[in-house]
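# Chains, contacts and geometry: an overview
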Amino acid sequence: MVCTDRTFVMIKPDGVQRGLIGDIVSRFERRGLKIVAMKMLVVSDSLAKKHYEEHAAKPFFPSLVSFIKSGPVVAMVVEGRNAVPIVRSMVGATSPSNSSPGTIRGDLALETGRNVIHASDSPESAKREISLYFDNSEIATYKRIDEQWLYE
Ligand code: IDP
């Protein structure tokens, strides 16, 4: 049966500047995940701080916030069975030196502070992050023609 688990994904400014949008989106599409919302934006100071509020006390917080605001990002809502853990496994470990080859960070990144992509780490964070970046009206409902071959 088709599933509507959702996660929030953001291609960070380094991924956009390095021309990696197509590669990254293509990985999700080929896996069978459905992009149900997508937009390019420059993250404001208040949105950056809200997004990363759990890290507010960490020493890297100021540089993380200024990096996230430093250029356009691509924000997405990605849908499919077990979207949160599947996308996290495709993204790879936070530190690219620990990310397996075949993952986005393992293939495309070298440093933790320039690790190309964000993805929600739990269904609760996904819900929170989707609502930070998208109105409900911006999220599309549609069928992919291959859904009958992706789901039992
Ligand atoms: P995640 O992005 O894999 O979920 P988190 O621990 O939630 O990892 O950290 C959020 C982001 O903060 C990371 O993706 C990375 O860009 C940055 N970050 C985390 N730890 C460090 C660090 O030790 N130094 C610099 N940046 C860090």
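Above this text you will find the structure in question.
An account of the accompanying structure is given in this report.

About the cut-offs
- Residues numbered from 1 in each chain as written.
- Predicted model: local features only at pLDDT ≥ 70, side-chain atom pairs only at ≥ 80, totals over all residues.
- Heavy atoms only, no water.
- Buried < 20%, exposed > 50% of the residue type's maximum accessible area, 1.4 Å probe, protein only.
- Helix = DSSP H or I, 4+ residues; strand = E, 2+ residues; numbered from the N terminus.
- Pairing = 2+ DSSP bridges.
- Near = heavy atom within 4 Å.
- Polar contact = N/O pair within 3.5 Å; in protein donor to acceptor, adjacent residues only side chain to side chain.
- Nonpolar A, V, L, I, M, F, W, Y, C, P; charged D, E, K, R; others polar.
- Axes fitted to C-alpha atoms, helices over the stretch in contact; angles between N-to-C directions.
- Parallel < 35°, antiparallel > 145°, perpendicular 65-115°, else oblique.
- Left-handed = near helix turned anticlockwise from the far one by under 90°.
- Contact = heavy atoms within 4.5 Å.
- Salt bridge = Lys/Arg side-chain N within 4 Å of Asp/Glu carboxyl O.

## Some points on the pairing of strand E1 (residues 6-11)
Looking along a regular strand, one sees side chains alternate from face to face of the sheet. With respect to burial, E1 is a largely interior element, five of its six residues being buried. The sheet contact formed by E1 and strand E3 (residues 73-79) spans six bridges and is antiparallel. Across the sheet, the residue bridging to Arg6 is Glu79, located in E3. By the bridge criterion, three bridges tie E1 to strand E4 (residues 117-119) in an arrangement that is antiparallel. Residue pairing across strands places Ile11 opposite Ile117, the latter belonging to E4.

## Regarding unusual backbone geometry
If you check the backbone angles, Asn82 has positive phi at about 55° while not being a glycine. Take Asn82: it is sitting in the loop between E3 and helix H5 (83-91). Phi is positive for Val116, which is not a glycine, with a value near 75°.

## What to know about the site of the ligand
Taken together, Lys12, Tyr52, His55, Phe60, Leu64, Arg88, Thr94, Arg105, Thr112 and Asn115 make up the full set of residues near the ligand. Note that an oxygen atom of the ligand is positioned 2.8 Å from one of the side-chain N or O atoms of Arg88. Between an oxygen atom of the ligand and a side-chain N or O atom of Asn115, the distance comes to 2.9 Å. Residues of the shell around the ligand, tallied by class, amount to three nonpolar, four polar and three charged.

## Section: the packing of helix H2 (residues 21-31) against H5
Packing of H2 against H5 brings their axes to within 12 Å, and their N-to-C directions diverge by 135°. Here H2 lies oblique to H5, going by the angle between them. Regarding H2 and H5, the two cross each other, and that crossing is right-handed. Within the contact between the two elements, H2 uses Arg27, Phe28 and Arg31 and H5 uses Ile86, Val87 and Met90. Classifying every residue of the contact of H2 with H5 by side-chain character gives four nonpolar, no polar and two charged.

## So, the pattern of salt bridges
For the structure shown, the criterion picks out 11 salt bridges. Between Arg27 and Asp23 there is a salt bridge, with the nearest N and O atoms lying 2.7 Å from each other. Of the two residues, Arg27 and Asp23 both sit in helix H2, four residues apart, roughly one turn of that helix. Owing to a relative accessible area of 15%, Arg27 belongs among the buried residues under this scheme. On the basis of relative accessible area, Asp23 is assigned to the partly exposed category, the value being 33%. Among the salt bridges present, the one from Glu147 reaches Lys34, with a minimum N-O distance of 2.6 Å. Of this pair, Glu147 sits in helix H8 (residues 147-150) while Lys34 sits in strand E2 (residues 34-41), and the two are 113 residues apart along the sequence. Neither Glu147 nor Lys34 differs from the other in exposure class; each is buried. Taken together, the shared-partner salt bridges connect Arg6, Lys34, Glu79, Lys143 and Glu147 into one network.

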